[in-house]
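# Inside the fold
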Amino acid sequence: LNNSDRAYFQVPRDGHKGTFIDDPVIGRVSGQPIVNISRARSSPDGEFNGILAIAVFLDYFSQFYQQHNPAGQDSVALNRSDGVVLIRHPAAPSARLSNSGIFMRCTSAGATAGTFQGTSPLGGGRRIFAFRKVGDYPVYVTHGLGLQSVRQEWLEGVAVHAAFTGITISGLLGFILLAMRRGGS
């Protein structure tokens, strides 16, 4: 199988140092969505001598994200530092994040982790986002919480506390009234 036409071969061959993470593609052998990760292999005299490569099946990440976010209310993604979306749950069409977006501005400025609030460019409305760089690789994991689900969870928590507070206050008032009646007789 000749893959010399693929970027994961060409980029290391043309002198890229370190690990190269390609765009998502459909694997020629598997027929499944994959991301190829490669690095150049050199001969003892330093000449290019092929590549070391691995194909990462994107379904692995889809299934993992699905297990932890079955309703799809949150978004989880792996993005390359140039804005290419490697995988996202819930799924979104192949995409590249805009250089003018908050995430890309943060990572372009050298941020390796952070949080921000904004509208998802891939759908799903306003979210609170957190991101972190994955090791020394040009990849970031992002997690977006929908503001509606955050508000709903907060309101549910407040309602529970309010109910316990109300019960406690009612009990205290009852004891106060009882003490006042006993003290007045």
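Below is a summary of the structure that appears in this document. (Residues numbered from 1 in each chain as written. Predicted model: local features only at pLDDT ≥ 70, side-chain atom pairs only at ≥ 80, totals over all residues. Heavy atoms only, no water.)

## Overview of the overall build of the protein
The condition is simple: Per the convention used, a helix needs a DSSP run of H or I reaching at least four residues, while a strand needs a run of E reaching at least two, with both numbered from the N terminus. Each radius of gyration reported is based on C-alpha atoms, and the globular scaling rule is 2.2 Å times the count of residues to the power 0.38. Only protein chains enter the accessibility calculation, which uses a 1.4 Å probe; a residue whose area is less than 20% of its type maximum is buried, one above 50% is exposed, and one in between is partly exposed. The contact criterion used throughout is that any non-hydrogen atoms of two residues lie within 4.5 Å. Counted as positive: Lys and Arg. Counted as negative: Asp and Glu. His and the chain ends are not counted at all. Where a charge sits is defined by one atom per residue type, namely NZ (Lys), CZ (Arg), CG (Asp) or CD (Glu).
A tally of helices and strands in the protein yields 4 helices and 9 strands. If you list the helices and strands of the protein from N to C, you get α-β-β-β-β-α-β-β-α-β-β-β-α. The C-alpha atoms of the protein give a radius of gyration of 26 Å, which is well past the 16 Å a tight globule of 185 residues would have. C-alpha atoms of the protein, sized along the principal axes, occupy 105 × 35 × 30 Å. Here the protein, with 185 residues, has 26% of them falling under the buried criterion. Residue pairs at least 24 apart in sequence account for 36% of intrachain contacts in the protein once pairs closer than 6 positions are excluded. Averaging the coordinates of the 17 positive side-chain charges in the protein and doing the same for the 12 negative ones gives two points 11 Å apart.

## Focus on the nonpolar core
We count it as follows: Among buried residues, the Ala, Val, Leu, Ile, Met, Phe, Trp, Tyr and Cys ones that are joined through side-chain atoms within 4.5 Å form a nonpolar core.
With 10 residues, the main nonpolar core is built from Ile21, Val35, Leu58, Tyr65, Val76, Leu78, Val84, Leu86, Ile87 and Val139. Every residue in contact with Ile87, bar those within four places of it in the chain, is listed here: Leu58, Phe61, Ser62, Tyr65, Val76, Ala77 and Leu78. If you look at the next biggest cluster of nonpolar residues, it comprises 8 residues, including Phe103, Phe116, Phe129 and Phe131.

## Remarks on the side chain of Arg88
Put simply, the rule reads: The working definition used for a salt bridge is a side-chain nitrogen of Lys or Arg within 4 Å of a carboxyl oxygen of Asp or Glu. Counted as a polar contact is a pair of N or O atoms within 3.5 Å, where, for protein atoms, one must be capable of donating a hydrogen and the other of accepting one, and residues adjacent in sequence contribute only when both atoms are in side chains.
Here Arg88 lies in strand 6 (residues 85-89). We note that Arg88 is buried and unpaired, the nearest opposite charge coming from Asp74 at a distance of 10 Å. From its side chain, Arg88 meets the backbone oxygen of Pro90 in a polar contact 2.8 Å long.

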